[in-house]
Amino acid sequence: MLHQLRRQIDRILRRRSHYRAAFSTPSGQQVLADLKRFCRAHASSVIVSPQSGLIDTHAMAVNEGRREVFLRIASHLHLNDADLLRIKEETQDE
């Protein structure tokens, strides 16, 4: 179990490194800003149909899927080194 946790942390650290490399350039920042808007990262996923006035569950599901992708990217970009390394070190002691 501890070996699995260490491997998982190593994978997360590598993945975060790749995400940061991809989005740390000026072009990467422009892409991230575009994705933030397109994925409605800071807005509700709820869409009300202009025809019926009811919540459009299909459009809402699409928006929530987009939002989930953006939040995954953002979470990998902002992972805290200290916390991940502390967890890794604690598991190595056991």
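Look up: the structure comes first, before these words.
None of the values given here were measured: they were computed from a predicted structure.

The rules we used
Residues numbered from 1 in each chain as written. Predicted model: local features only at pLDDT ≥ 70, side-chain atom pairs only at ≥ 80, totals over all residues. Heavy atoms only, no water. Helix = DSSP H or I, 4+ residues; strand = E, 2+ residues; numbered from the N terminus. Polar contact = N/O pair within 3.5 Å; in protein donor to acceptor, adjacent residues only side chain to side chain. Contact = heavy atoms within 4.5 Å. Buried < 20%, exposed > 50% of the residue type's maximum accessible area, 1.4 Å probe, protein only.

> Residue-level account of the side chain of His76, with values.
Topologically, His76 is positioned in helix α3 (residues 57–77). Among the polar contacts listed, one links the side chain of His76 to the side chain of Arg15, at a separation of 3.1 Å. Other than its neighbours up to four places away in sequence, His76 contacts Arg15, Arg16, Tyr19 and Arg20.

> Pulling in residues and values, what's your account of the environment of Asn63?
Mapped onto the fold, Asn63 is located in helix α3. Relative accessible area serves as the criterion here: at 8%, Asn63 is assigned to the buried category. It is 8.6 Å that separates the C-alpha atoms of Asn63 and Ser44, two residues lying 19 residues apart in sequence.

> Break down unusual backbone geometry for me, with residues and values.
Here the phi dihedral of Arg40 falls at roughly 50 degrees; this positive angle occurs in a residue that is not glycine. Note that Arg40 resides in the loop between α2 (26–38) and α3. The partly exposed category is assigned to Arg40, whose relative accessible area is 29%.

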